[in-house]
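As a plain string of letters, each chain reads:
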Amino acid sequence: MAAEISDRVREIAEARGLPESEVFERALERGLETLWEDLVLARYLDGELDREEAIERVGRTKVERADQEREVVEEDVGWGLNA
């Protein structure tokens, strides 16, 4: 896995004309942002954060999408239990 990551970083760096360190930095920033959003939305859906606080942290669009996804899952579960 480590060799594969190094190969990917090298290829991205060469294609974009960037130093490998900058590719790693950008990857870390993107990864942390995704993990942060996942944590905030999980806390919101679990009732640990209110809606407005979640919106402040990750934005209205992401919270609305999480609400829609939860609704779809609940509908699917309801349909499955009544089938």
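Residues numbered from 1 in each chain as written. Predicted model: local features only at pLDDT ≥ 70, side-chain atom pairs only at ≥ 80, totals over all residues. Heavy atoms only, no water.

Enquirer: What is the right way to look at helix α2 (residues 20-45) in this model?
Expert: Turn by turn, an α-helix covers 3.6 residues, leaving residues three or four places apart pointing in a common direction. Its 26 residues place the ends of α2 37 Å apart at the C-alpha level, agreeing with the 38 Å of an ideal helix rising 1.5 Å per residue. Within the span of α2, buried status applies to Val23, Glu37, Val40, Leu41 and Tyr44. In the core, the buried residues of α2 are packed alongside α1 (2-16), α3 (51-58) and α4 (60-82). Gly47 sits one or two residues past α2 and shows a positive phi near 85°. (Helix = DSSP H or I, 4+ residues; strand = E, 2+ residues; numbered from the N terminus. Expected span 1.5 Å × (residues − 1). Buried < 20%, exposed > 50% of the residue type's maximum accessible area, 1.4 Å probe, protein only. Contact = heavy atoms within 4.5 Å.)

Enquirer: When you look at the pattern of salt bridges in this model, what are you seeing that I'm missing?
Expert: If charged atoms from side chains of opposite charge come close, those side chains can pair. Inspection of every chain in the model, using the stated rule, returns 8 salt bridges. Across the pair Lys62 and Glu37 runs a salt bridge, and its minimum N-O distance is 3.6 Å. One end of the pair, Lys62, is in helix α4; the other, Glu37, is in helix α2, with 25 residues separating them in the sequence. Given the relative accessible area of 16%, Glu37 is considered buried. One salt bridge connects Arg70 with Asp67, and the closest N-O pair in it is separated by 3.3 Å. In this pair, Arg70 and Asp67 are both assigned in helix α4, 3 residues apart and thus about one turn of the helix distant. (Salt bridge = Lys/Arg side-chain N within 4 Å of Asp/Glu carboxyl O.)

Enquirer: Sorry, what's going on with α1 here?
Expert: The first and last C-alpha atoms of α1 sit 21 Å apart over 15 residues, in line with the 21 Å expected at 1.5 Å per residue. Immediately beyond the C-terminal end of α1, within one or two residues, lies Gly17, with a positive phi of roughly 70°.

Enquirer: How should the nonpolar core be read in this particular structure?
Expert: Side chains that are nonpolar tend, in soluble globular proteins, to be buried together. Judged by nonpolar contacts, Val40, Leu41, Tyr44, Leu49, Ala54, Ile55, Val58, Val63 and Ala66 together constitute the single largest core of 9 residues. Put simply, the parts of the chain that give this core at least two residues each are α2, α3 and α4. Once you skip the residues sitting within four places of it in the chain, Val58 turns out to touch Trp36, Glu37, Val40, Leu41 and Val63. (Core = buried A, V, L, I, M, F, W, Y, C linked by side-chain atoms within 4.5 Å.)

Enquirer: Would you explain the confidence of the model for the protein chain in this entry?
Expert: As a note on interpretation, predicted positions should not be read in detail where pLDDT is low. Of all residues in the protein chain, 100% have pLDDT values of 70 or greater, and the mean over the chain is 95. α4 is the least confidently modelled element of the protein chain, averaging 92 in pLDDT, while α3 averages 98, the highest of any element. (pLDDT = per-residue confidence, 0-100.)

Enquirer: Just to check I follow, could you spell out the environment of Thr61 for this structure?
Expert: Note that Thr61 resides in helix α4. For the pair Thr61 and Arg30, spaced 31 residues apart in sequence, the C-alpha separation works out to 18 Å.

Enquirer: Even after reading the chapter, I still don't get the side chain of Asp67, so can you show me in this structure?
Expert: Judged by relative accessible area, which is 17%, Asp67 ranks as buried. With residues near it in sequence (within four places) discarded, Asp67 still touches Tyr44 and Arg51.

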